[in-house]
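Each chain is listed here by its residues.
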Amino acid sequence: MDCLKLKAVLGNHPHVKAVKSGELRSDLFDLDFIEYTPTNTAFKPMVREQAFDVCEMAIVTYLMAKGHGKPLVLLPATVLGRFQHSYALYNPAHGMLGPSDLEGKRVGIRSFTTTTGAWIRGILANDYGVNLDRIKWVTFEDPHVAEYVDTTERAPKDKKVLQMLLDGDVDAVLGETSDNHSLKSLFPDPAAEAAKWYARRGVVPVNHLVVVTEQLARSRPDVVAGLYDLLKRNKEQVGPAGAPDLLPFGIEANRKPLELIVDYAFQQALIPRRYAVGELFDATTRGLD
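Chemist: With reference to specific residues and values, describe the overall build of the protein chain.
Modeler: Scanning the protein chain from N- to C-terminus turns up 9 helices and 11 strands. Compactness check: the protein chain gives a C-alpha radius of gyration of 19 Å against a globular reference of 19 Å for 289 residues, within 12% of the reference. For the protein chain, the proportion of its 289 residues judged to be buried stands at 51%. Within the protein chain, contacts between residues separated by at least 24 positions form 77% of all contacts whose residues are at least 6 apart in sequence. Of the roughly 13000 Å² of accessible surface on the protein chain, a fraction of 49% belongs to carbon and sulfur atoms. Of the side-chain charges in the protein chain, 34 are positive and 37 negative, and the distance between the mean point of each set is 2 Å.

Have a look at this one:
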């Protein structure tokens, strides 16, 4: 059988470096990598046009794409996972704020549908009792999934999210970090908050996994399984980044984070219903471990 050439987008993570360099490869396919910086700029063409055969993708983008019938298939291969508490900032020059103080405030976020935003909003709602509907959301980009109706306030085109925070045009921002010492974390001690949250939930917040087109998954399930194997071997080659494992591979390892982000996405009306974890995969990817 001919060796397939696959168009692929993956970020420059240490745990995919050997796959991207060709050091780890398969006899079944070659990966032709296309660079997108930042990687999230590839999500829109993948969702809207299936522009690549293989693509890193934020999990909430995938969930929303599934909700709108996009022909994509998820692999249980996490390439970016992180605790989210340090990705929320405010400007103390305009008054002190904590996570429980956001109702009635203006909060900036790149797009309402970002995965980091969904994780942090889920934490605010479920761990701090914040009514998300009482926050005025200010956004800067369209959702990756065109069918989603965005009812947020759109920031002026010449404005940047962190500058609006510095200027006092928004009270807080989600999904951002900054070296500017005049900005402070919304969570007073993000690392301690994340540790407490993990102790309570037992969940690693997964951000980006990997998807393939439905066409590839149906026509060459052997290639999809081979791709997963390459990614898993690369991760194992690099070794664990610590405990907990921020890059879970396999259905069972991803089950708890996927159940929780599905729950949060449904609560936030980003998806039409709560999907069971098994529904997020197809016959091939459901068997990957």
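Chemist: Describe unusual backbone geometry, with residues and values.
Modeler: A cis geometry characterises the amide bond from T37 onward to P38, with omega recorded as -10°. With respect to the element layout, P38 can be found in the loop between β2 (29-33) and α2 (43-49). Located in the positive-phi region is Q50, a residue other than glycine, with phi close to 50°. Mapped onto the fold, Q50 is located in the loop between α2 and β3 (54-58). For Q50, a relative accessible area of 27% gives the class partly exposed. Backbone geometry places A269, a non-glycine residue, at a positive phi of 60°. Positionally, A269 belongs in the segment after α9 (251-267). On the accessibility criterion, A269 (56% relative accessible area) is exposed.

Chemist: Break down the pattern of salt bridges for me, citing the residues and quoting the values.
Modeler: For the structure shown, the criterion picks out 19 salt bridges. For E35, the salt bridge goes to K20, with nearest N and O atoms at 2.8 Å. Here E35, found in the loop between β2 and α2, pairs with K20, found in helix α1 (residues 17-21); they are 15 residues apart in sequence, far enough to count as distant. For R201, the salt bridge is made with D127, and the minimal N-O distance between the two is 3.0 Å. Residue R201 is located in helix α6 (residues 190-201), and its partner D127 is located in helix α4 (residues 115-128); the two are separated by 74 residues in the primary sequence. According to the relative accessible area criterion, R201 is partly exposed, its value standing at 27%.

Chemist: Report on the packing of α4 against α6, specifying residues and quantitative values.
Modeler: Any two packed helices are characterised by how steeply their axes cross, that is the angle between the axes, and by the distance between the axes. Interhelical geometry of α4 versus α6 gives an angle of 70° and a closest axis separation of 13 Å. One way to sum up the angle between α4 and α6 is to call them roughly perpendicular. In this structure, α4 uses W119, I123, N126, D127 and Y128 to contact α6, whose residues at the interface are E193, W197, R200 and R201. Residue classes in the contact of α4 with α6 are distributed as 4 nonpolar, 1 polar and 4 charged.

Chemist: For the packing of aromatic side chains, give the residues involved together with the corresponding values.
Modeler: What the rule picks out here adds up to 7 aromatic pairs. Measuring from ring centre to ring centre gives 5.5 Å for Y36 and F52, while their planes differ by 75°; the resulting arrangement is edge-to-face. Placement of Y36 in the loop between β2 and α2 and of F52 in the loop between α2 and β3 is noted, with a sequence separation of 16 residues between them. Note on F52: relative accessible area 4%, which makes it buried. On the numbers, 5.6 Å between centres and 40° between planes, the contact of Y228 with F249 is tilted.

Chemist: Report on the pairing of strand β7 (residues 136-139), specifying residues and quantitative values.
Modeler: Relative to β7, strand β6 (residues 106-109) is paired through 4 bridges, and the arrangement is parallel. Paired with V107 across the two strands is W137, which belongs to β7. Pairing of β7 with strand β8 (residues 153-154), which is carried by 2 bridges, proceeds in the parallel orientation. From the neighbouring strand, V138 faces β8, where its bridge partner is E153.

Chemist: Lay out the nonpolar core with the relevant residues and their values.
Modeler: Taken as a class, soluble globular proteins show a tendency for nonpolar side chains to be buried jointly. The biggest cluster of nonpolar side chains holds 57 residues, and the ones touching the most others in it are I59, L63 and L280. At 7 residues, the largest contribution of residues to this core is made by α9. For I59, the residues in contact, after removing those within four places along its chain, are L74, T115, V206, N207, L209, L258 and I261. By size, the runner-up hydrophobic cluster in this structure holds 26 residues, among which are L6, A8, V16 and L75.

Chemist: Just give me the short version of empty space enclosed by the protein, but keep the residues and values in it.
Modeler: This structure, assessed with the given rule, holds 1 cavity of 30 Å³ or more. The space that makes up the largest cavity amounts to roughly 40 Å³. Together, T61, R110, S111, T113, T114, E141, D142, P143 and H144 line the largest cavity. Of the residues in the lining of the largest cavity, the class split is 1 nonpolar, 5 polar and 3 charged.

What counts and what doesn't
Residues numbered from 1 in each chain as written. Predicted model: local features only at pLDDT ≥ 70, side-chain atom pairs only at ≥ 80, totals over all residues. Heavy atoms only, no water. Helix = DSSP H or I, 4+ residues; strand = E, 2+ residues; numbered from the N terminus. Rg over C-alpha atoms; globule rule 2.2 N^0.38 Å. Buried < 20%, exposed > 50% of the residue type's maximum accessible area, 1.4 Å probe, protein only. Contact = heavy atoms within 4.5 Å. Areas by Shrake-Rupley, 256 points an atom, 1.4 Å probe, with all protein chains shown as cover. Lys, Arg positive; Asp, Glu negative; His and termini not counted. Charge placed at Lys NZ, Arg CZ, Asp CG, Glu CD. Salt bridge = Lys/Arg side-chain N within 4 Å of Asp/Glu carboxyl O. Axes fitted to C-alpha atoms, helices over the stretch in contact; angles between N-to-C directions. Parallel < 35°, antiparallel > 145°, perpendicular 65-115°, else oblique. Nonpolar A, V, L, I, M, F, W, Y, C, P; charged D, E, K, R; others polar. Phe/Tyr/Trp six-rings, centres within 6.5 Å; stacked < 30°, edge-to-face > 60°. Pairing = 2+ DSSP bridges. Core = buried A, V, L, I, M, F, W, Y, C linked by side-chain atoms within 4.5 Å. 1 Å grid on protein atoms, 1.4 Å probe; cavity = no way out; pocket = protein on both sides within 12 Å on 5 of 7 lines; lining within 4 Å. Points joined across faces, edges and corners; volume = space filled by probe spheres on them.

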